[in-house]
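Examination of the molecular architecture
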Amino acid sequence: MRLTVPAGGDGDQGERRLMPGDWPFAVRAGVESVLLSWLAIVLPCVAVFLATSSLDAAAALSVGEALRTGTGLWGLGLGGSLGSATNPDGVLGLPLLGATALQAFLTWAMVRRATLSGPSAGAWCVLSAMATSLVAVLAGSPAGSRTAPAIAGTGALTAIVTFWHLQSSGRGWAGLTAWWGRCPGWVRSAARMARETIIVLMALGVVVLAAAVVGGGGRMMRLHDTLSGGGLLASAGLVALQVGWAPTVLVWAVSWLLGPGFGVGAGSVFSPNQVVAGAVPSVPLLGLLPTAGVGSVGRYLPVVVVVAAMVVAWRCRAALRELSPGGAVGAAVAAAATIAAGVFLACLAASGPVGPGRMTQVGPHTLMTTAAAALETGVGLVSVSILTHPAIRRLVARDAPGTDQTAETGDEAAREHVEAESARGPRAGHHARRQTVSADEAQHENHQKAWDSDAVSWRAGALVDEREGSRREESRREESRREEGKPTRAGRAGARGAAPSWPPRRPRGRRVADPDQDHGTGQESGRP
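Quick caveat: nothing in here was measured; it's all calculated off a predicted structure.

Examined against the element boundaries, Thr162 turns out to sit in helix α5 (residues 149–168). The buried category is assigned to Thr162, whose relative accessible area is 0%. Polar side-chain contacts of Thr162 include one of 2.7 Å to the backbone oxygen of Thr158. Setting aside anything within four residues of it in sequence, one finds Thr162 in contact with Thr107, Val111, Leu116, Gly122 and Cys125.

What follows is the structure in structure tokens.
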């Protein structure tokens, strides 16, 4: 069955298909992406529960509990939470961004394999993913937990990944593609600078996180050994859980580098300048928390972000030079605003409760981190966009001392020198005028030498170009003779039994006297 409405279609078609021909592949892509991510989290939970429980009638109950716990952890990466506020243990709502990244990757892989035809097929993929997540929530949601938001989170994430892939592969909305082609150049420059700066911030966060592992790896291993109890499967499951929270901690590292830092519990602060800690849960990954600030070095760490933004703007200087000065500055400001918006969303995604009481406030200081990101990246991007723009450089060169003002100052100084010497007497004034004229002549001679040197270089280059053009013209003539079947220069030389040479060489020989002639002429005699 095919339902159609008279509207703009997928790509260049004149109608939009509500049920495209490849809808079964779109449905399969949506179902598989959610099912695989759910199984990737639930199955390890079941394995850990079975390994740590006794093989009796209670094992069957532990499997059901493991299924519900795995579903709750899966929902943590898509907007859900585990536990309830009435529970003495509180609510675990810190997003498991590793599960989010896994869901995004599987969606991209399934959509890419399905080769969807257009936005209509993408809509079927999104709807099937939401339906599959609904079934998972209804079948394995823990009692008292808010797992239902994972359905909307699955739909939003699938829609973003699917339509981004369709648009980048040329099978998305033609109107959006045309708009992007018509948008001003500063928009594309801003998007490029924002994308590259965000990548650099993530790389710097990885460096900070690696330094934290070096400094707090011992505490993390002790907490891990205490919780795992030495079991192999328990250790593997605990490691997988920490890997799932690694992207969340990466956002914390970026907020620490920007300056404001983050908190693990109400009233706590972890920043380069100060550390105000409190009691934290026994999670191995929290063993990486710093125990003290970095001292006076901490106040200079935001400069690293400014320098990174300057490097990104320097890489984009060719595109910025093609814009007007206002357009270049506008692109830098727009990029800084985009980066700040991305940091704001990342801080929200890396915040959530991990227990009752003061542990309901865990994550970066969102507003301060967003403001710091806008300020630091904006300073770096705007400064380079201004300093490297040709119009600004011409303006600075025109107003800088050492050009016209210096010349006028020199002339005025020379006149004052001549007038002073003239006041001392006619001979001294004549000598001063001769010195001024000699200096002018020397300056004129230097300019003339520089001009002659440039002229010689230009003539040499023109001669080289002329000879190269003659060689190319001769090669074209030889090629045309060869195609027409006419004898070429090389062919004629080969027919005479001699290797072709160009230009032709004069035959070598020694001159010997002719005994039959009494004049001083001679004839050629070849060497043996």
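Now that the structure is up, let's keep going.
All right, on to the pattern of salt bridges then. Under the definition given, this model contains four salt bridges. With a shortest N-O distance of 2.4 Å, Arg113 and Glu32 are connected by a salt bridge. On the criterion of sequence distance, the pair formed by Arg113 in helix α3 (residues 97–114) and Glu32 in helix α1 (residues 23–52) is long-range, its members being 81 residues apart. The class of Arg113 is partly exposed, set by a relative accessible area of 46%. We note a salt bridge from Arg68 to Glu65, for which the minimum N-O separation is 3.2 Å. In this pair, Arg68 and Glu65 are both assigned in helix α2 (residues 57–76), three residues apart and thus about one turn of the helix distant. Take Glu65: its relative accessible area is 38%, and that puts it in the partly exposed class. Here the salt bridges share partners, and the residues they tie into one network are Arg192, Glu196 and Arg315.

A word on unusual backbone geometry. A positive phi is found at Thr115, a non-glycine position, where the angle reads about 50°. With respect to the helices and strands, the residue Thr115 is situated in the loop between α3 and α4 (119–140). For Thr115, a relative accessible area of 46% gives the class partly exposed.

Once that is clear, we can look at the confidence of the model for the protein. In the predicted model, the protein carries a mean pLDDT of 78, and the fraction of residues at 70 or more is 73%. Segment residues 1–15 is flagged for pLDDT under 50; beyond a separation of four residues in sequence, or across chains, it makes 27 contacts in the model. Between residues 498–502, whose pLDDT stays under 50, and residues either more than four places distant or in other chains, the model counts five contacts.

Turning our attention to the packing of aromatic side chains. Enumeration over the complete set of coordinates arrives at six aromatic pairs. Ring centres of Phe163 and Trp173 lie 5.2 Å apart, and the angle between their planes is 25°; this geometry places the pair in the stacked category. Highlighted residues: Phe163 in helix α5 and Trp173 in the loop between α5 and α6 (174–182), separated in sequence by ten residues. Using a relative accessible area of 40% as the deciding quantity, one classes Trp173 as partly exposed. Both rings, one in Trp179 and one in Trp180, keep their centres 6.1 Å apart while their planes meet at 50°; by these two values the pair is tilted. Given the relative accessible area of 46%, Trp179 is considered partly exposed. Connected via pairs of aromatic rings, a cluster forms that spans Trp252, Phe262 and Phe270.

On to helix α9 (residues 301–315). Over its 15 residues, α9 runs 22 Å from end to end, which matches the ideal 21 Å to within 8%, given 1.5 Å per residue. Buried residues of α9: Leu301, Pro302, Val305, Val306, Ala308, Ala309, Val312 and Ala313, and no others. At its buried positions, α9 is contacted by α7 (185–228), α8 (232–258), α10 (317–321) and α12 (366–387).

On to the packing of α8 against α9. For the pair α8 and α9, the least separation of the axes is 7 Å and the interaxial angle reads 100°. The angle between α8 and α9 places the two elements in the roughly perpendicular class. Each of Trp256, Leu257 and Leu258 in α8 lies in contact with α9, whose residues at this interface are Leu301, Pro302 and Val305.

With their axes 8 Å apart at the nearest point, helix α11 (residues 325–349) and α12 run at an angle of 155° to one another. Overall, the two elements α11 and α12 adopt an arrangement that is roughly antiparallel. Helix-helix and strand crossings are classified by hand; for α11 and α12 the assignment is right-handed. Across from Ala328, Val329, Ala332, Val333, Ala335, Ala336, Ile339, Ala340, Val343, Phe344, Cys347 and Leu348 in α11, the residues of α12 making contact are Thr366, Leu367, Thr369, Thr370, Ala373, Ala374, Thr377, Gly378, Leu381, Val382, Ser385 and Ile386. Tallied by class, residues from the contact of α11 with α12 come to 18 nonpolar, six polar and no charged.

The rules behind the values
- Residues numbered from 1 in each chain as written.
- Predicted model: local features only at pLDDT ≥ 70, side-chain atom pairs only at ≥ 80, totals over all residues.
- Heavy atoms only, no water.
- Helix = DSSP H or I, 4+ residues; strand = E, 2+ residues; numbered from the N terminus.
- Buried < 20%, exposed > 50% of the residue type's maximum accessible area, 1.4 Å probe, protein only.
- Polar contact = N/O pair within 3.5 Å; in protein donor to acceptor, adjacent residues only side chain to side chain.
- Contact = heavy atoms within 4.5 Å.
- Salt bridge = Lys/Arg side-chain N within 4 Å of Asp/Glu carboxyl O.
- pLDDT = per-residue confidence, 0-100.
- Phe/Tyr/Trp six-rings, centres within 6.5 Å; stacked < 30°, edge-to-face > 60°.
- Expected span 1.5 Å × (residues − 1).
- Axes fitted to C-alpha atoms, helices over the stretch in contact; angles between N-to-C directions.
- Parallel < 35°, antiparallel > 145°, perpendicular 65-115°, else oblique.
- Left-handed = near helix turned anticlockwise from the far one by under 90°.
- Nonpolar A, V, L, I, M, F, W, Y, C, P; charged D, E, K, R; others polar.

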